[in-house]
Amino acid sequence: MGREIPGAGCHPFRQIRLEVGKLHDKGIRAKCAQLVTAAEGKIQQVKAMVSTAKANLISSAGRMVQTFQEKGRSALRHAVQALRIPAVLSRMEHGLCTTSC
């Protein structure tokens, strides 16, 4: 929870906003301000998605462990397949790669 994504905090955007404020052309300054705001919004969306995925993964893992304790190894295998965890992680990885690559 305490780990931050490098470069994703408020501080870098604060510096960018200060530099944008120094631009003399108002049209360029306004467009840059819009781009910075849009980038901040996208970062917040990704943060919310990762947070939700993390919570869901922890919850699912808890349920799987409980099932395993109650019913054994075959039930755990079935639960992992039913939750499609590998497929979800693969889609998330593909989605993040296409937005950042």
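Just so we're clear, the structure is a prediction, and the values are computed from it rather than from any experiment. (Residues numbered from 1 in each chain as written. Predicted model: local features only at pLDDT ≥ 70, side-chain atom pairs only at ≥ 80, totals over all residues. Heavy atoms only, no water.)

Draft legend 1. How the structure looks around the packing of helix H2 (residues 26-71) against helix H3 (residues 73-83). Running from N to C, H2 and H3 point in directions that differ by 155°, and their axes come no closer than 7 Å. In terms of axis orientation, H2 runs roughly antiparallel to H3. Considering only the axes of H2 and H3, their crossing is right-handed. The residues of H3 that touch H2, namely those facing Ser-60, Arg-63, Met-64, Thr-67, Phe-68 and Lys-71, are Arg-73, Ala-75, Leu-76, Ala-79, Val-80 and Leu-83. Its residues assigned to classes, the contact of H2 with H3 comprises seven nonpolar, two polar and three charged. (Axes fitted to C-alpha atoms, helices over the stretch in contact; angles between N-to-C directions. Helix = DSSP H or I, 4+ residues; strand = E, 2+ residues; numbered from the N terminus. Parallel < 35°, antiparallel > 145°, perpendicular 65-115°, else oblique. Left-handed = near helix turned anticlockwise from the far one by under 90°. Contact = heavy atoms within 4.5 Å. Nonpolar A, V, L, I, M, F, W, Y, C, P; charged D, E, K, R; others polar.)

Draft legend 2. Focus on a nonpolar patch on the surface. Judged by side-chain polarity, Val-46, Val-50, Leu-57, Val-88, Leu-89 and Met-92 come together as a nonpolar surface patch covering roughly 410 Å² of accessible area. Secondary-structure elements contributing two or more residues to the nonpolar patch are H2 and helix H4 (85-100). Along the chain, Val-46 turns up in helix H2. (Patch = residues over 30% accessible without salt bridge, like charges linked within 9 Å, V, L, I, M, F, W, Y side chains within 5 Å. Areas by Shrake-Rupley, 256 points an atom, 1.4 Å probe, with all protein chains shown as cover. Salt bridge = Lys/Arg side-chain N within 4 Å of Asp/Glu carboxyl O.)

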